[in-house]
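Below, each chain spelled out in residue letters.
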Amino acid sequence: MEPARTVSASPVPGLAREPTEVRVRRLVAARRRATALLAGMTAVFIAVTVAGAHGILLGYVQAGAEAAMVGGVADWFAVTALFRRPLGLPIPHTALLVERKDQFAATLGQFVQENFLNADVLAERVRSAGLVPQLAAWLGEDAHAATVAGHAADLAVTTAEALRDEDVQRVIAVELTRAVGAIEMAPLAGRALRVIIAGGHHTDLFNTIVSAADRYLEDHYVELRDRFEVEAPRWVPDVAYRRVFDRLHARLRQRLTAMASDPDDEARRQFDTWIAGLPERLETDPELRERGERFKRDVLGSAGMREWSSWLWTRAKETLRTQAADPESELRHRLADALAAAGRRLGSDSVLQESVERVVESGARALADQFHDELAGLVTGTIERWNAAEASSQLELLLGRDLQYIRINGTVVGAGVGLALHAIAVALG
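It should be emphasised that the depicted structure is a prediction, and the values quoted were computed from it without experimental measurement.

Cut-offs applied
- Residues numbered from 1 in each chain as written.
- Predicted model: local features only at pLDDT ≥ 70, side-chain atom pairs only at ≥ 80, totals over all residues.
- Heavy atoms only, no water.
- Helix = DSSP H or I, 4+ residues; strand = E, 2+ residues; numbered from the N terminus.
- Buried < 20%, exposed > 50% of the residue type's maximum accessible area, 1.4 Å probe, protein only.
- Areas by Shrake-Rupley, 256 points an atom, 1.4 Å probe, with all protein chains shown as cover.
- Phe/Tyr/Trp six-rings, centres within 6.5 Å; stacked < 30°, edge-to-face > 60°.
- Salt bridge = Lys/Arg side-chain N within 4 Å of Asp/Glu carboxyl O.
- Arc of directions from axis to C-beta.
- Core = buried A, V, L, I, M, F, W, Y, C linked by side-chain atoms within 4.5 Å.
- Contact = heavy atoms within 4.5 Å.
- Axes fitted to C-alpha atoms, helices over the stretch in contact; angles between N-to-C directions.
- Parallel < 35°, antiparallel > 145°, perpendicular 65-115°, else oblique.
- Nonpolar A, V, L, I, M, F, W, Y, C, P; charged D, E, K, R; others polar.
- Left-handed = near helix turned anticlockwise from the far one by under 90°.

Asks: Would you mind going over the overall build of the chain with me for this structure?
Replies: In terms of regular secondary structure, the chain is built from 19 helices and zero strands. Evaluated residue by residue, the chain yields a buried proportion of 28% over its 429 residues. A total accessible area of about 27500 Å² is found for the chain, and carbon and sulfur atoms account for 62% of it.

What follows is the structure in structure tokens.
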């Protein structure tokens, strides 16, 4: 693990995410200020001592400078001992962050486990935070619901793009096969046909069939004539069979026109009788039911079915991508409306609020009970994998600037204590 990245990427609000170079400059500047103050006190002490501390004022100056030196050096030692050995000397209990990194990791992991990943602590935190009412109020606003809808749509697109097309197409094909395989086609067709007949749509079906037949005769006149010529005896003159074909072709089209225009045509009545009995035959005739199942198996096992499932998934992805990218799309509007309605319902229904809060609290408890050891181990293991010297260096960059003020404060407080002690000594003397 790279400690520098871990230290700098803190999620704490208000903690500046400064570049390493900036932290180094600020640490060096703070260290120079603290060292300069200590050096100044040292220079004053030496100057007064060399000159001879004559007089009350110089005595106070000497005592204050001496105590400031002691305080400054002591705090320099304390601050330095956290990160490294002062002056490189092997003094016991120094370079604490380097020497006791693993112990610190275990202690921090245990602390996090006991104080942050405890089921009771998490449940109480969830309860006192009022997350559900806050969520309801926030989500009930249209602007917030639209924002969440946009993120949800983008997440759906990302998820769809991450999936392998082959896997999704295979799932679609399997699920379609399973769903359609559980349905008998002939009885289903019979029920659908009953609905068509009840609505009088079978009349349109007859007209469509007749019109299609007439259009076929018209569009394929030359083809049909040539085929008729091939089948005609050779001894029949060309003119004769062409006249026969033309009369046959014309009479057949006339018959189709009459069938389409006459509601009492015999062919129409026969069609009505046939189709009226077809639903029952489809539902009860074993042969028709077997034909329907055979047709269904052929369709489900065909290459066209696989191509259709592939086209379906590709089309769905394209539609989802387009809808998610457009803030005014029907998808995002419907998602936003649904989320806003859910937020308002959650905010107004106290029973629903309590139910959701219990679910959230139970979820927090379950997560804590299930993963508190793993998460504590994650904290411990992560710190243990750090390079000790580098981790110490990075922590110094993060905390060292503030710790230098301890040195400054130690120097100033030491001077004050020295002056006070000297004043007491003068008064007692």
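Asks: I'm lost on the packing of aromatic side chains in this one. Help?
Replies: For any pair of aromatic rings, the description rests on two quantities: the centre-to-centre distance and the angle between the ring planes. For the coordinates displayed, the defined rule picks out two aromatic pairs. Seen in terms of ring centroids, Phe 206 and Phe 271 are 5.1 Å apart; in terms of plane orientation they differ by 45°. Their pairing is tilted. Of the two residues, Phe 206 is situated in helix 11 (residues 201-219) and Phe 271 in helix 14 (residues 266-284); the sequence distance between them amounts to 65 residues. Accessibility classification places Phe 206 together with Phe 271 in one group, the buried group. Ring geometry for Phe 271 versus Trp 274: centroids 6.0 Å apart, planes at 40°, classification tilted. Of this pair, Phe 271 and Trp 274 are both found in helix 14, three residues apart, which corresponds to roughly one turn of the helix. Members of the aromatic cluster, joined through ring pairs, are Phe 206, Phe 271 and Trp 274.

Asks: I would appreciate a short explanation of the pattern of salt bridges in the present structure.
Replies: Where side chains of opposite charge bring their charged atoms close, a pairing between them can arise. For the structure on display, the rule yields 17 salt bridges. Here Asp 167 ties to Arg 170 by a salt bridge, and the two come within 3.1 Å at their closest N and O atoms. Of this pair, Asp 167 and Arg 170 both sit in helix 9 (residues 165-181), separated by three residues, roughly a single helical turn. What makes Asp 167 partly exposed here is its relative accessible area of 28%. The class of Arg 170 is partly exposed, set by a relative accessible area of 47%. Of the charged contacts, one joins Glu 318 and Arg 315 as a salt bridge, the two residues approaching to 3.9 Å between their closest N and O atoms. In this pair, Glu 318 and Arg 315 are both assigned in helix 16 (residues 303-325), three residues apart and thus about one turn of the helix distant. Taken together, the shared-partner salt bridges in this structure form one network comprising Arg 164, Glu 166, Asp 167 and Arg 170.

Asks: Got a minute to help me understand helix 7 (residues 131-139) in this structure?
Replies: Since the α-helix turns once every 3.6 residues, residues separated by three or four places project in the same direction. Listed in full, the buried residues belonging to helix 7 are Val 132, Ala 136 and Leu 139. Burial along helix 7 is one-sided: seen end-on, the buried residues are contained in an arc of 80°.

Asks: Sorry if this is basic, but what is going on with the nonpolar core here?
Replies: Across soluble globular proteins, nonpolar side chains have a tendency to be buried as a group. Within the largest apolar cluster, twelve residues are counted, these being Ala 186, Leu 193, Phe 206, Val 210, Leu 217, Leu 256, Met 259, Ala 267, Phe 271, Ile 275, Leu 278 and Leu 282. Elements supplying a minimum of two residues to this core: helix 10 (185-198), helix 11, helix 13 (238-261) and helix 14. Not counting the four nearest positions on each side in its chain, Ile 275 is found in contact with Leu 193, Ile 197, His 202 and Leu 205.

Asks: Can you help me understand the packing of helix 16 against helix 17 (residues 330-348) in this one?
Replies: Describing two packed helices takes the angle between their axes plus the distance from one axis to the other. At a minimum axis separation of 7 Å, helix 16 and helix 17 run at an interaxial angle of 65°. The orientation of helix 16 relative to helix 17 falls into the category roughly perpendicular. Of the residues in helix 17, those in contact with Leu 320, Gln 323, Ala 324 and Ala 325 of helix 16 are Glu 330, Leu 331 and Arg 332. Looking at the contact of helix 16 with helix 17, its residues break down into four nonpolar, one polar and two charged.

Asks: Any chance you could explain the environment of Ala 63 here in plain terms?
Replies: Following the sequence through the fold, Ala 63 ends up in helix 3 (residues 56-83). The buried category is assigned to Ala 63, whose relative accessible area is 14%. In this structure the C-alpha to C-alpha distance between Ala 63 and Gly 418, which are 355 residues apart in sequence, comes to 5.4 Å. In contact with Ala 63, not counting residues within four places along its chain, are Gly 418 and His 422.

Asks: I would appreciate a short explanation of the packing of helix 10 against helix 14 in the present structure.
Replies: Axis separation between helix 10 and helix 14 bottoms out at 7 Å; the angle between their running directions is 155°. Regarding the angle of helix 10 to helix 14, the classification is roughly antiparallel. The handedness of the crossing between helix 10 and helix 14 is left-handed. Residues Ala 186, Pro 187, Ala 189, Gly 190, Arg 191, Leu 193, Arg 194 and Ile 197 of helix 10 pack against Ile 275, Ala 276, Leu 278, Pro 279, Glu 280, Leu 282 and Glu 283 of helix 14.

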